[in-house]
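Examining the three-dimensional arrangement
Listed below are the residues making up each chain.
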Amino acid sequence: MSRPRAPILRLGDTLIASVQEALIDADLLGLRDELVVDVKRYRATGVIIDVTVLDVLDSFAARTLRNIVQMTQLIGAKTVIVGIQPDVAFAMVQLGLTLKGTDTALDLEDGLARLEVTLGREGRAR
Amino acid sequence: MADQESMLSVAPISREEVVRRKAFLEFADADVAILEGVNEFAARYTDSVIEDFYRHLMAHDETRAFFTDPDLLLHVQKMQKAYFRRLTEGNYDEQYVANRVSVGAIHERIGLPVKSYFGMYCYYLRAVLERLREEYKESPEHAFTVFKSLMKLTFFDMGLAIDTYIESREHTIQMQQEAIRELSTPVLLLRPSLLLLPIIGLIDTQRARQLTEQLLRSVRSNRAKVVVIDVTGVPSVDTKVANHLVQAVEAARLMGAVSIVTGIAPDIAQTMVKLGIDLMRITTVGDLQSGIEEAERLLGYTVSKITCTEKARGKEQS
Amino acid sequence: MAWHGSKLPWGAKAVLDEIVVPIRSEVDLVTARLRGREVASKLPFSSSELTLVATAISEVTRNILTYAGTGELSLGLVQQGQKMGVSIVARDQGPGIADLFSAMQDGYSTSGSLGLGLPGSKRLMDEFSIVSEIGQGTTVAMTKWKI
């Protein structure tokens, strides 16, 4: 049972994980595991991870986010990372963390719109 | 800020460095004793030396210009007197060093050129030499000995002051550059969700950093989905600049915005490829015009020209 | 003993207000970043620069945990002449880094990750030096100046 540092909400076929505060490594890994379970359980086709609150995204966090994207993809869901702040984005590229191959959007609203575009209408019709 | 002020007066150069410099100048305890020995004598002629000194400064246009403010002049004269007296008071320790360093900083701050600074020291030494010659007419050897010690100390002072001078100058330059950078980059909102960042002039790391920061903040506040970065006005795009560009593009992507780089001249593009820069990491389009059209296309706009007949029809209907 | 440094600082560097954060578990990583921000905030750094500092701290303290298990992080303000900056020193008594040169290249890693984060951290800061001795430990010292 992961701590409520990143509660996962369900919006139709989309899961929204909203990070509430600075996560320690175990929390991130917990989030990953929980998302995988939930994607399977609810047959979710879309996942949004909102990291607006995070003031630092280091190599571990980037790696774990990429893992989540890959793992959820294997079980049929598309993930969009949203809410990376300007300072954080800047620090990340300096570090060489580009999250290549991962979909990103400005915030939750844009993230949901992006999922809609990516998944097409069928995504919602289920 | 008050904290910073007091911190600035702490240990400007290390104790080891002070020891090294004194050793190189061969300024030792014997010299300290010699200088202390003429302290009383120095007290007697301080006023006249300082007055002559100022007459000298005022007699030359360049230096007179710095002391037009009577309050400043009075203040500086007091300081100069104190400085002069200090030369023969002994105890040339950390506080002495800190004091000399701040003197240098002050002179740099008022913009006094180094040549004038050196000229002033030269005047001092000559004035003192004259007085010493007078005082020790009977024992010229002693005058000579005192002068040698004084010279060592004075050159020690000059070394400290000039170091600070240079550092102060560099600091000022950096702050000015920072100010210029902040003034010079507009990020324009061309259409909803479309930003244009036209870059003009040379890009160094600092500027690139600032441009990227401004771009990213604009992406957030304008909810931009497409950014056109135009480098037509950048005279030289080398590996470093190209890397900065790539980083800006990648950072914008992390915030959900796609970037189009325009204005990279064909020969520069060639150089970049030769240098191994992966142009595939950024989308480049020929000129600004095409870049904007591409951006609009991405955003779902269609731009079409109204023909003459359509215009006419429009007029009829209204 | 191997050494790799980007710039040898000259002159005196007085370290002021130094605090030491013990690094023993991943909770300490978060603490380290927070303390790092606090210390750096004493100088007028931009929020972007503060994030760079916090990120660099995250990387080097993470290395301590991954490769040495425990260590400590020293944070303080430094002064060199007229400029002031924040100093970060990460120390451990771990196994040390065998091939320092490779470790400083991008993409190098012995733990199957994105690399030791060392070259990246170097990019985030203004001064960077690392000393490592097999069987003795590693010390990474970084400084960011506020102009």
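Scroll up to find the structure.
In what follows, the accompanying structure is described. For clarity, every value in this text was computed on a predicted model and none was experimentally measured.

**Remarks on the overall build of chain A**
Helix and strand counts for chain A come out as 5 helices and 5 strands. Traced from its N-terminal end to its C-terminal end, chain A shows the element sequence β-β-α-β-α-β-α-β-α-α. Relative to the 2.2 N^0.38 estimate, which gives 14 Å for 126 residues, the radius of gyration of chain A is 14 Å and therefore close to what a compact globule would have. Dimensions along the principal axes, computed over C-alpha positions, put chain A at roughly 40 × 30 × 20 Å. With 126 residues in all, chain A has 46% of them scored as buried. If you take every contact in chain A between residues at least 6 apart in sequence, the share linking residues at least 24 apart comes to 73%.

**Observations regarding the interface of chain A and chain C**
In this assembly, 17 residues from chain A lie in contact with 21 residues from chain C. Contributing elements (two or more residues each) for the side of chain A that touches chain C: helix H1 (25-42), helix H2 (59-74) and helix H3 (86-95) of chain A. With 6 residues, H3 of chain A is the largest single contributor of residues to the side of chain A that touches chain C. In terms of residue class, the side of chain A that touches chain C is made up of 9 nonpolar, 3 polar and 5 charged.

**Things to note about the interface of chain B and chain A**
Facing the 13 residues of chain B at the interface are 12 residues of chain A. Listed by contribution, the elements that provide at least two residues to the side of chain B that touches chain A are helix H10 (205-222) and helix H11 (239-254) of chain B. The residue makeup of the side of chain B that touches chain A, split by class, is 4 nonpolar, 3 polar and 6 charged.

**Thoughts on the nonpolar core**
Of all hydrophobic cores here, the largest spans 105 residues; its most connected members are Ala89 and Met92 of chain A together with Val227 and Ala252 of chain B. One finds Ile13, Leu35, Ala143 and Leu160 of chain B within the second-largest nonpolar core, a separate group that totals 22 residues.

**Overview of helix H1 (residues 26-41) of chain C**
Between its terminal C-alpha atoms H1 of chain C stretches 23 Å, which fits the 22 Å expected from 16 residues at 1.5 Å a residue. Among all positions in H1 of chain C, only Asp28, Leu29, Ala32, Arg33, Gly36, Arg37, Val39 and Ala40 of chain C are buried.

**Some thoughts on the pairing of strand E4 (residues 78-82) of chain A**
All names here are of chain A. Judged by how many residues are buried, E4 sits mostly within the fold: 4 of 5 residues are covered. In terms of strand pairing, strand E3 (residues 46-50) meets E4 through 5 bridges, oriented parallel. When the bridges of E4 are listed, valine 47 appears paired with threonine 79. Two elements, E4 and strand E5 (residues 103-105), share 3 bridges in a ladder whose sense is parallel. The residue of E5 that forms the bridge with isoleucine 81 is threonine 104.

**Section: the sheet that holds strand E1 (residues 8-11) of chain A**
All names here are of chain A. Taken in spatial order, the 5 strands make up an open sheet running E1-E2-E3-E4-E5, and their pairing is mixed. The open sheet has two free edges, formed respectively by E1 and E5, since each of these has just one partner strand. Direction aside, the axes of adjacent strands within the sheet are offset by 25° on average. Both strand E2 (residues 14-18) and E3 contribute to a ladder of 5 bridges, which runs parallel.

What counts as what
- Residues numbered from 1 in each chain as written.
- Chains lettered and ligands numbered in written order.
- Predicted model: local features only at pLDDT ≥ 70, side-chain atom pairs only at ≥ 80, totals over all residues.
- Helix = DSSP H or I, 4+ residues; strand = E, 2+ residues; numbered from the N terminus.
- Rg over C-alpha atoms; globule rule 2.2 N^0.38 Å.
- Buried ≥ 20, exposed ≤ 12 C-beta atoms within 10 Å, placed from the backbone.
- Contact = placed C-beta atoms within 7 Å.
- Nonpolar A, V, L, I, M, F, W, Y, C, P; charged D, E, K, R; others polar.
- Core = buried A, V, L, I, M, F, W, Y, C linked by C-beta atoms within 7 Å.
- Expected span 1.5 Å × (residues − 1).
- Pairing = 2+ DSSP bridges.
- Axes fitted to C-alpha atoms, helices over the stretch in contact; angles between N-to-C directions.

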